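What follows is each chain in one-letter form.
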Amino acid sequence: MGAVGLLYVGAVLFLNGLMLLGKVEPRAAGVFNLFVGALQVITPTVLVILNPTDVPVVLGASGIYLFGFTYLYVGINLLGGFDSTGVGYFSLFVAVMALGYSFANFRILGDPAFGVIWLYWSFLWALFFVLLGLKRTRITRYTGWVTAIQGWVTAAIPAYMTLAGYWRDTRLFAIILAVFGVVVFAVLWPLTRHGEPAAAAPEEAEEPSRPDGERRHRPRWT
């Protein structure tokens, strides 16, 4: 994944994490999701067009679409107030495919650090599936913290280090990331089991009155 695009993936994950924690209004986050989603669809398309026979480049570019479509889907859902089930089950697809891209980074591309980072992303998108697809809102706070932290650890910091020329010893970074992820996300679980923010749970929004005078309610996007 291009370092410039990865930098803004970090930004959108951080913003979405804050949204799940009730710190950012969903529609405000939706606009930025569209920006980053468009970037993450245009970038791999250009890479594939310019390098159609370069297998490693095409393989890397193909994974970017998983995130581009996620952010576009999330942005449209947030702005349109649609049900989150579609995003949730697409997230399940992403979580499974991320395991394959993790394997590719370990065995084909020779980048163990991003092999671990893809495992991070598989875990995160699996949480999105449980939260948005299965509607298990009790993990909203946990998912928000994991999302915000991963925005920095898997995207913003690696992207900046790559751009600055410091992303070199990928084996060492892989070990650091693996230990950090296991420890931090395990500790977060018991700390976030209670005290879900009210804004994180699905809300009911009233629709206009029907001719018979009754009002229907529909759930807002989590």
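J.: Even after reading the chapter, I still don't get the pattern of salt bridges, so can you show me in this structure?
T.: Where charged atoms of side chains with opposite charge meet at close range, the side chains can pair. As enumerated under the stated definition, the model contains 1 salt bridge in all. Close ionic contact of Lys 135 with Asp 83 constitutes a salt bridge, the shortest N to O distance being 2.9 Å. Of the two residues, Lys 135 sits in the loop between α5 (112-133) and α6 (140-164) while Asp 83 sits in the loop between α3 (55-80) and α4 (85-107), which places them 52 residues apart along the sequence. Residue classification places Asp 83 among the partly exposed positions, given a relative accessible area of 39%.

J.: Sorry, what's going on with the packing of helix α1 (residues 3-20) against helix α2 (residues 26-50) here?
T.: Where α1 meets α2, the axes come as close as 10 Å, and the angle between the chain directions of the two elements is 160 degrees. As far as their axial angle goes, α2 and α1 are roughly antiparallel. As for how α1 packs across α2, the hand of that crossing is left-handed. On α2, the residues touching Gly 5, Tyr 8, Val 9, Ala 11, Val 12, Leu 15, Asn 16 and Met 19 of α1 are Pro 26, Ala 29, Phe 32, Asn 33, Val 36, Leu 39 and Gln 40. Residues that form the contact of α1 with α2 fall into these classes: 11 nonpolar, 4 polar and no charged.

What counts and how
- Within each chain, residue numbers correspond to sequence positions counted from 1 in written order.
- Where totals are concerned, whole chains, interfaces and linings use all residues; where local detail is concerned, this predicted model gives features only for residues with pLDDT of at least 70, and gives and counts side-chain atom pairs only at 80 or more.
- Only hydrogens and water are set aside when side-chain values are computed; all heavy atoms of the structure are taken into account.
- Salt bridge, as applied in this entry: a Lys or Arg side-chain nitrogen positioned within 4 Å of an Asp or Glu carboxyl oxygen.
- Note on conventions: DSSP H or I runs of at least 4 residues are helices, E runs of at least 2 residues are strands, and numbering of each starts at the N terminus.
- When accessible area is computed with a 1.4 Å probe and restricted to protein chains, residues below 20% of their type maximum are described as buried, those above 50% as exposed, and intermediate ones as partly exposed.
- The convention used is that axes are lines fitted to C-alpha atoms, helices contributing only their stretch in contact, and that angles between N-to-C directions extend from 0 to 180 degrees.
- In this scheme, roughly parallel covers angles under 35 degrees and roughly antiparallel covers those over 145, while 65 to 115 is roughly perpendicular and the rest are oblique.
- Two helices cross in a left-handed way if the nearer one is turned anticlockwise from the farther one by less than a right angle. They cross in a right-handed way if the turn is clockwise.
- Note on contacts: a residue pair is in contact if any heavy atoms of the two residues lie within 4.5 Å.
- Polar here means any residue other than Ala, Val, Leu, Ile, Met, Phe, Trp, Tyr, Cys and Pro, which are nonpolar, and Asp, Glu, Lys and Arg, which are charged; Gly is therefore polar.

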